[in-house]
Amino acid sequence: MTSIETRLRVMTWNLWWRFGPWEERFPAIAATLAALDADVIALQEVWDDGERNAAAELAAGLGYQHAYASRLDLDGVQMGNAVLSRWPITGHEMRPLPAPPDKEELRTVIRADIDGPRGPLQVFSTHLNWRFDQSNVRQDQVDTIARFVHESPLRTYPPVLCGDFNAVPDSDEIRMVTGRMQTPVDKLVFHDSWEAAIDRADGPGFTWSNDNVFAKEDLEPSRRIDYVFVGWPKSQGAGHVLTSEVVGTEPVDGWQPSDHYGVLAELRY
């Protein structure tokens, strides 16, 4: 059987809301996205102040459509997740992620239904609780995400799940996603694009890195916590990961775009 040779470029990136010098960082974010030219972009920590929405502005600059969802309001400015798409977004749905009252961070996952040129796509963008000691919370959140994916409309292309999971690859919550421990839903397993890529750069793939001028201020270890996951490949290799790279690493006009680096993966599509 001949494998599909055309590609889908999918990116995920945490934009660091309006923290730090956000007004200077925002043009750097826009320029980086334009240069990378991904087909679909999952974003986290996206702000909306009621008059301006970062996802809408970034999408407009690219000529893309967007979907946005948030439950968290910080002094009148929302923080949420978004999906930007080169192709029409025909619908979207948000699910809240669970957490105990004393650990509630009002996290969400959003699904965008995309009318792609070679068939429909479902792309999910999420952001899990951040504290190192809350693996149990993140495991419950992964359970909710997996059930949301399972309950979504039937797909002809593997689901694409992106986001800032605030967890390293050997954590229990990530192992639930990749099938290295019991999965929340039978037969729902994702490939980690960084691990699965046929072609990628050498190195650890850190997306939280002390090479980043903003990240190093938090005095945390460098680690890989942002992911593009894709479900099991389908006919002719649809969804098979070809390349994966860490992106958003370089300053633009002297400004580091975010405290996180992003991930860009190419999939057979």
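Thresholds, definitions, all that
Residues numbered from 1 in each chain as written. Predicted model: local features only at pLDDT ≥ 70, side-chain atom pairs only at ≥ 80, totals over all residues. Heavy atoms only, no water. Helix = DSSP H or I, 4+ residues; strand = E, 2+ residues; numbered from the N terminus. Buried < 20%, exposed > 50% of the residue type's maximum accessible area, 1.4 Å probe, protein only. Contact = heavy atoms within 4.5 Å. Salt bridge = Lys/Arg side-chain N within 4 Å of Asp/Glu carboxyl O. Polar contact = N/O pair within 3.5 Å; in protein donor to acceptor, adjacent residues only side chain to side chain. Arc of directions from axis to C-beta. Pairing = 2+ DSSP bridges.

> How should the environment of Pro117 be read in this particular structure?
Position of Pro117 among the secondary structure elements: in the loop between strand E6 (108-116) and strand E7 (119-127). When its relative accessible area of 51% is taken as the criterion, Pro117 is described as exposed. Measuring from C-alpha to C-alpha, the distance between Pro117 and Glu24 comes to 35 Å, with 93 residues separating the pair along the chain. Contacts of Pro117, omitting those with residues within four sequence positions, involve Trp87 and Tyr269.

> Sorry if this is basic, but what is going on with the pattern of salt bridges here?
When their charged atoms lie close together, side chains carrying opposite charge are able to pair. Scanning the model with the defined rule gives 20 salt bridges in all. The partner of Arg86 in a salt bridge is Asp39, with the nearest N and O atoms 2.7 Å apart. Residue Arg86 is located in the loop between strand E4 (77-85) and strand E5 (89-96), and its partner Asp39 is located in the loop between helix H1 (22-36) and strand E2 (40-48); the two are separated by 47 residues in the primary sequence. Residue classification places Asp39 among the buried positions, given a relative accessible area of 8%. One salt-bridge network, in which partners are shared between bridges, spans Glu93, Arg95, Arg111, Asp113 and Glu151.

> Just to check I follow, could you spell out the side chain of Thr178 for this structure?
Mapped onto the elements of the fold, Thr178 is located in helix H4 (residues 172-178). Here the side chain of Thr178 touches Arg180 through a polar contact of 3.0 Å, side chain to side chain. In this structure Thr178 touches Val189, Phe190, Asp192 and Phe229, once residues within four positions along its chain are discounted.

> Where do I start with helix H2 (residues 54-62) in this structure?
Residues separated by three or four positions in an α-helix point in the same direction, a consequence of the helix having 3.6 residues per turn. Three or more residues of H2 are buried, namely Ala54, Ala55, Leu58 and Ala59. The buried residues of H2 occupy an angular sector of 125° when projected down its axis, which confines them to one face. Turned more than 90 degrees away from the buried face of H2, the exposed residues are Ala60 and Gly61. Measuring from the backbone nitrogen of Ala55 back to the side-chain oxygen at the start of H2 gives 2.8 Å, which picks out Asn53 as the cap.

> What exactly am I supposed to notice about the side chain of Ser209 here?
Checked against the element boundaries, Ser209 lands in the loop between strand E10 (199-200) and strand E11 (226-231). At 3.0 Å, the side chain of Ser209 forms a polar contact with the backbone nitrogen of Asp211. Ser209 has contacts with Ala215, Lys216, Ser222 and Tyr261, leaving out every residue within four places of it along the chain.

> Sorry, what's going on with the environment of Val10 here?
One can find Val10 in strand E1 (residues 7-14). Residue class for Val10 comes out buried when judged on its relative accessible area of 1%. Along the sequence, Val10 and Val247 sit 237 residues apart, while their C-alpha atoms lie 12 Å from each other.

> Just to check I follow, could you spell out unusual backbone geometry for this structure?
Glycine aside, residues mostly have negative phi, and peptide bonds are mostly found in the trans state. The backbone of Asp75 shows a phi angle near 55°, a positive value even though the residue is not glycine. Residue placement: Asp75 occurs in the loop between strand E3 (65-74) and E4. Positioned with a positive phi, Lys187 is a non-glycine residue whose angle comes to about 70°. Within the fold, Lys187 resides in the loop between H4 and strand E9 (190-192).

> Explanation requested: the pairing of E7 in the structure shown.
As a general feature of sheets, a regular strand has side chains that alternate between the two faces. For E7, the tally of buried residues reaches seven of nine residues, placing the bulk of the element in the interior. In this sheet, E7 lies alongside E6 in antiparallel orientation, the contact comprising eight bridges. Note that in E7 the partner of Asp113 across the bridge is Gln122. Between the antiparallel neighbours E6 and E7 lie two residues. By the bridge criterion, five bridges tie E7 to strand E8 (residues 160-164) in an arrangement that is parallel. Bridging from a neighbouring strand, Ser125 pairs with Cys162 of E8.

So far we have only geometry, and geometry alone does not tell us how the molecule works.
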